[in-house]
Structures are given as C-alpha cells and as structure tokens.
Amino acid sequence: MFKDTYDVVVIGSGLAGMTAANILGRSGHEVLLVEGHHQLGGLATTFKRRDGIIFDVSLHGFPVGMIKSCRRYWNQDIADRIVQLRKIRFDNPQFQLETTFDREDFTNILVDKFGIARETVAAFFNKAREMSHYDDQALTARELFDEFFPNRLDVVRLLMEPITYANGSTLDDPALTYGIVFSNFMSKGVYTFRGGTDLLIELMTEELRKNGVDILKGSPVRKILVEGGNVVGVKVKKVDGTELEFRTKTVLSNANLKATIFNMVGQEFFSKQFAEKAKAVRLNNSSTQVYIAMKHGFMIDEDKCGDLLFTSTEQLFDSAKLLDKKITSRTFSFYYPRTRPNTDRCYVVSSTNAHYEDWDNLEERDYKQHKENLIADTLDILAKYIPNVKDNIDWLEAATPKTFARYTEHWNGASFGTKYEGLAVSRELNNEINGLFHAGSVGIIMSGWLGAVNYGVIAANDVDAALLKRN
Ligand SMILES: Cc1cc2nc3c(=O)[nH]c(=O)nc-3n(C[C@H](O)[C@H](O)[C@H](O)COP(=O)(O)OP(=O)(O)OC[C@H]3O[C@@H](n4cnc5c(N)ncnc54)[C@H](O)[C@@H]3O)c2cc1C
C-alpha cells in the first residue's frame, strides 16, 4: 500500500535515517523509508543462528546523551531501557585497570595510578570539553596529548585507545574529533540498551508506523532522479528484481556519502568543484568481528572480564597500527543473561579495526583461511580471561570488512562512514541539488549510535525547514 508520491523519501534505515524519518513523520510529512536490506537498523543490527542464538553487531557502548536523544526523538520507553555499563577494563603491557569510564574515575586513575598532577588532568578535561566544530582543525590529537602529557605514551594509550576503537580516529585526526567524543563519554560513562538491538529496532519500527511512516524493506534505491538541478524522485530495484519509482522533491540519504553522490545521483549532476571535493573525502576504516555464543548455562566470570575489555599485548600504543591485520589488540564485549532477560546464555563479541584492502585482495580460499586464523587467534587471546572458553562454545563465526560492505553498501565496509572532511560535503548537498540531503556517519562526531541519531535530528530539521518554505 505505497503511494506514488511522498513529501520526502529517506534512503537507508540506519539510526540516522530512522530518526530523521520518525521526526519528519511525527511533524505530519508524508514519509517513505526505503531500506536495501531485509531488516531495519543498518549497522545497529542483530543476526540469528540456530537454537535461539542471537548476536548484536554494534551494541558495545555509547555515551549517556543517547538517553536524552531517545526520549526526545523516539519515546520514553526506549529511553528507559538504556543502562550503564559498570566495568570497563584495560589489560596491556603498560597497565591493567578497571574503570566506570567517567571523568571522576578517570581523574583519580590519572592522578593516583599515573602520577599526573590533578590540575593538569582538570585542564585537559576542560580543554577537551570546550572543543567545538568552530575550533582550529589543524591541531591534531597527537599535539593535544603532547601539550598536556608529553612523553607519556601510557597516558595517551588510556585516553585514546577506547576512542580509536569507538570511531576509528587516529592520533593524526583533528583533536576536536577526539575531544568531543571523549567528553561525551566522560560526562557519565558508557551505556547500553537492555534487551538487545533487535528490541530497540522493533520499538523504533512501532514508533515509525505510529507516526505514519511507510517502510519499504529489501529495496535498494538505485537512482536518485534529478531534473534541472532539483530532486524529482527515486528508482528502486527490489531484491526480487521488481523495479519501482516514487516521485518526491526531497530525498534524505542515510546511505554512504560517496555512494549517494557518485552511484545514486551521478557526478555529472554536481559542479566540478563540489565533485572534486567529494572525491577527496577519505573513507573511515572498517572492522573485523568474531562472534561467540557460549553453551547454555555457561557463565563468564564477570569480575575477570567486565562488560568491555580493551586488551593488547603490544608494548606500546599506536593508533595507526591498531588497523594492522597482525595486531594483537582486541576489544571484547561480554554479554551476560541480564542483557537479554529470559536467556541463560552468555555471548562474547570481539572487534578489531581493519583495512578493507587487507581482505578484499584475497583469493576465496585464502579469505576463508584468514577468517579461520582470525577466529583462532581471538580464542587464544580470550583464553587468558576465560580459561576453558574453547570447550564451552556453542557457535562461532567471523565478519570481515567485506561482510560490512555487503550488508550496508558502505564503500570499503567503512564502520564509521567518512573522515571529518565528509561533514562539510554532506552539509552542502542541498546547495548543489535542490531537495537533496544526507544524514549518517560522516566525520567522527556524526558517527556511532549517538552521533548518527543526532545527525538524523539535524538533517530532519533542515528537511522540515525546506518543506515548510516550499509550501
Ligand atoms: C563492528 C562495529 C562496531 C560498532 N560499535 C559501536 C559501538 O559500540 N558504539 C557506537 O556508538 N557505535 C558503534 N559502531 C558504529 C555505529 O554502529 C554506526 O556509526 C551507526 O550505527 C551508523 O548509523 P548510520 O545512520 O550512519 O547508518 P548505517 O548503520 O551505516 O546504515 C545505513 C543504511 O543504509 C542502507 N542503504 C545503503 N545504501 C542503500 C540504498 N542504495 N538503498 C537503500 N538503503 C541503503 C543500508 O542497508 C543501511 O541499513 C560500530 C560499528 C561497527 C561496524
């Protein structure tokens, strides 16, 4: 029961696309949400295996701001299910510690364990908190750390490693992209969604329908139609081969920024200058993951493992090296039955940042072998924390950058969209083509669960203003 014409078509149901569609539907606009995949959520997703096994792909942790954003732009029920993770652990040759990952606890650790003066720590936190998009972008994270903690590679590791994991940023990225994300976490720690990502997406889908949003799944948009510099519609090719066309003057794409510009619209519709700027935007890195379902009733030792564990045997921290295929660093997320009430299963998901090229260039047989190696290495590392892990696994599999590319159509399977320069390109789309907007992972701040939701809000407001002006 779809209409031929909509006020706005949202392409992609990542957290940014869903949030934008919800706000626009709630405001009374006729909205069509088109998703290429057979389920909603984008990277905020789950997959199921036999015997009730269910894996969360990107539910590892997000800042407290998600509660407020969900309350305002979704509903109270969703906001109420967000709970804090209490035990974040680090284990590497430079230090071993456990933290609630908030300003007070981090301050105490930096002062008592690392011997940094309290005033220095306070000055660093204040500087990070005051950073904004208007700041000097030439200052790198490396220079920021040098200013406060010169020659303290251990301190840099503590401050940077989780953020590198959380959004792929390196020491050479603008300091503000580090400062804003770090401060978001430091305000009150790390949070998760109780009930699992599938419940979150189910509740969001209900809310979308309540607000009158039409949802079309399994339907990749293959063309955004443009005439005379204006958006006029979209062409969809469903997975069963059926082709559909919808008329609209406004498209909000939640798909990869470069795919939106170069695949869906086409370079010829943009000014030469803009196309060059868009081409120069760098993609962010991708990830590998190992998904482990423990046998029914097997309990992981919470005291030893905690909720999130950043572990590495590398002597020194090097943010660029964290992308290397041979890296021994792993971030483990431990899920206990309380995450998903009514189960007696524990899960472990191991994540590592990765380069797409390292996996794309492999012959099929080598690709399978590298996946097996990734799984075997990960289990060896995990055995330090769960000694009998190998005897108690019910299901085991791995995802690579190619998996992420296949499921989301993100160029190079980027886990966090594009680097920071993508933000300006994303924001300028509507100046180039009337009625074309974008929301989704661009720049480090606009990615991750909270960043994506908040960028969806910003883009929805832009679309709303454009629609009101037009009427
Ligand atoms: C392994 C991993 C772990 C992560 N862990 C965390 C974490 O712990 N905390 C955190 O905050 N963030 C985490 N993230 C990042 C976070 O999941 C993403 O930044 C966020 O979910 C991205 O949302 P988005 O709105 O940008 O869109 P995406 O999730 O990228 O979704 C885009 C959607 O657009 C659809 N689409 C693409 N092209 C088309 C088309 N042509 N037609 C129709 N639909 C299309 C895709 O199918 C997809 O559904 C993680 C990411 C990865 C990969």
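Residues numbered from 1 in each chain as written. Predicted model: local features only at pLDDT ≥ 70, side-chain atom pairs only at ≥ 80, totals over all residues.

Asks: What should I look at first to understand the overall build of the chain in this one?
Replies: Check the secondary structure of the chain and you find 17 helices and 20 strands. Taken over C-alpha atoms, the radius of gyration comes to 22 Å for the chain, in line with the 23 Å a tight globule of 471 residues would show. Counting across all 471 residues of the chain, residues that qualify as buried make up 48%. (Helix = DSSP H or I, 4+ residues; strand = E, 2+ residues; numbered from the N terminus. Rg over C-alpha atoms; globule rule 2.2 N^0.38 Å. Buried ≥ 20, exposed ≤ 12 C-beta atoms within 10 Å, placed from the backbone.)

Asks: Even after reading the chapter, I still don't get the sheet that holds strand β3 (residues 31-34), so can you show me in this structure?
Replies: The pairing of strands in a sheet happens through backbone hydrogen bonds and is either parallel or antiparallel. Taken in spatial order, the five strands line up as β10-β3-β2-β14-β20 in an open sheet, and their pairing is parallel. Each edge of the open sheet carries a strand with a single partner, namely β10 (214-216) and β20 (436-438). Neighbour-to-neighbour, the strand axes of the sheet open up by a mean angle of 20 degrees, direction not taken into account. As judged from the three bridges shared by strand β14 (residues 251-253) and β20, these two strands associate in the parallel manner. Bridged to Leu252 within β20 is Phe437. (Pairing = 2+ DSSP bridges. Axes fitted to C-alpha atoms, helices over the stretch in contact; angles between N-to-C directions.)

Asks: How should the domain arrangement of the chain be read in this particular structure?
Replies: It is common to give the size of an interface as the accessible area lost on bringing the parts into contact. Domain boundaries assigned for the chain yield domain 1 (5-59 + 196-282 + 417-470), domain 2 (101-190) and domain 3 (285-407). Relative to domain 3, the C-alpha centre of domain 1 lies at a distance of 30 Å. Taken together, the contact between domain 1 and domain 3 spans six residues of the former and nine residues of the latter. The element best represented in the side of domain 1 that touches domain 3 is strand β5 (residues 53-56), accounting for three residues. Looking at side-chain class alone, the side of domain 1 that touches domain 3 contains two nonpolar, two polar and two charged residues. (Domains from an automatic or database assignment. Contact = placed C-beta atoms within 7 Å. Nonpolar A, V, L, I, M, F, W, Y, C, P; charged D, E, K, R; others polar.)

Asks: Help me understand the site of the ligand, please; the structure alone is not making it clear to me.
Replies: Residues in contact with the ligand amount to 39 residues; listed here are only the nearest, Gly12, Gly14, Gly42, His60 and Gly448. Tallied by class, the residues present in the shell around the ligand amount to 15 nonpolar, 22 polar and two charged. (Near = placed C-beta within 6 Å.)

Asks: I'm lost on the sheet that holds strand β8 (residues 95-99) in this one. Help?
Replies: One open sheet accounts for seven strands, arranged β8-β7-β16-β17-β18-β15-β19; its pairing is mixed. Edge positions in the sheet fall to β8 and β19 (393-399), since each has one partner strand and no second. For this sheet, the mean angle separating the axes of adjacent strands, direction not counted, is 15 degrees. Bridge count for strand β16 (residues 308-311) against strand β17 (residues 330-335) is four bridges, and the pairing is antiparallel. Bridge assignment links Phe310 to a residue of β17, and that residue is Thr331.

Asks: I'm lost on the environment of Trp395 in this one. Help?
Replies: The topology assignment puts Trp395 in strand β19. Exposure remark for Trp395: the 16 C-beta atoms within 10 Å place this residue in the partly exposed category. As for Trp395 and Tyr347, which are separated by 48 residues in sequence, their C-alpha atoms are 9.6 Å apart. Trp395 has contacts with Arg49, Ile53 and Ala293, leaving out every residue within four places of it along the chain.

Asks: Teacher, can you tell me more about unusual backbone geometry here?
Replies: Although it is not a glycine, Asn342 sits at a positive phi angle of roughly 80 degrees. For Asn342, the location among the structural elements is in the loop between β17 and β18 (347-354). For Asn342, a count of 7 C-beta atoms within 10 Å translates into the label exposed. Unusually for a residue other than glycine, Asn412 sits at a positive phi of about 55 degrees. Of note, Asn412 is situated in the loop between α15 (401-408) and α16 (422-432).

Asks: Sorry, what's going on with the packing of helix α7 (residues 153-167) against helix α8 (residues 175-188) here?
Replies: Working note: a packed helix pair is described by the angle between its axes plus the distance between those axes. Running from N to C, α7 and α8 point in directions that differ by 95 degrees, and their axes come no closer than 10 Å. On the basis of their axis angle, the class for α7 and α8 is roughly perpendicular. Contacts from Leu159, Ile163, Ala166 and Asn167 in α7 reach Tyr178, Val181 and Phe182 in α8. In the contact of α7 with α8, the residues fall into six nonpolar, one polar and no charged. (Parallel < 35°, antiparallel > 145°, perpendicular 65-115°, else oblique.)

Asks: Even after reading the chapter, I still don't get helix α2 (residues 65-73), so can you show me in this structure?
Replies: For an α-helix, the turn length of 3.6 residues means that residues three or four places apart are oriented alike. Taken residue by residue, α2 has Met66, Ile67, Ser69, Cys70 and Tyr73 as its buried positions. Buried residues belonging to α2 abut α1 (15-26), α3 (76-80), β6 (82-85), β9 (190-193) and α17 (448-470).

Asks: Explain α8 here, please?
Replies: Compared with an ideal rise of 1.5 Å per residue, which puts 14 residues at 20 Å, α8 spans 21 Å between its outermost C-alpha atoms and is within 8% of the ideal. Extensive coverage of α8 is indicated by the burial of 11 of its 14 residues. Among the residues making up α8, those that are buried are Ala175, Leu176, Thr177, Tyr178, Gly179, Ile180, Val181, Phe182, Asn184, Phe185 and Met186. Gly189 lies just past α8 and shows a positive phi near 100 degrees. (Expected span 1.5 Å × (residues − 1).)

Asks: Can you walk me through the packing of helix α5 (residues 118-130) against α8 in this structure?
Replies: At a minimum axis distance of 7 Å, the contact between α5 and α8 shows a crossing angle of 110 degrees. By the angle between their axes, α5 is roughly perpendicular relative to α8. In the packing of α5 onto α8, the handedness of the crossing is left-handed. Every residue of α8 that contacts α5 at Phe125, Ala128 and Arg129 is listed here: Gly179, Phe182, Ser183 and Met186. (Left-handed = near helix turned anticlockwise from the far one by under 90°.)

Asks: Even after reading the chapter, I still don't get the pairing of β5, so can you show me in this structure?
Replies: On any regular strand, side chains alternate: one points to one face of the sheet, the next to the other face. Bridging between strand β4 (residues 46-49) and β5 involves four bridges; their strand directions are antiparallel. Within β5, the residue paired with Phe47 across the bridge is Phe55. Where β4 hands over to β5, the hairpin turn is made up of three residues, of which Asp51 adopts a positive phi near 60 degrees.

Asks: Could you clarify how one ought to interpret the nonpolar core in this entry?
Replies: When a protein is soluble and globular, its nonpolar side chains tend to lie buried together. Within the largest apolar cluster, 123 residues are counted, with the highest numbers of intra-cluster contacts made by Val9 and Ala20. With near-sequence residues (within four places) excluded, Ala20 lies in contact with Val10, Leu252, Ala439, Gly456, Ala459 and Ala460. (Core = buried A, V, L, I, M, F, W, Y, C linked by C-beta atoms within 7 Å.)

Asks: Where do I start with the environment of Thr352 in this structure?
Replies: Following the sequence through the fold, Thr352 ends up in strand β18. Judged by local crowding, Thr352 falls into the buried class, with 21 C-beta atoms found within 10 Å. Placed 25 residues apart in sequence, Thr352 and Ile327 show a C-alpha to C-alpha distance of 8.6 Å. Contact partners of Thr352, with chain neighbours within four places excluded, come to Ser287, Thr288, Ile327, Ser329 and Arg330.

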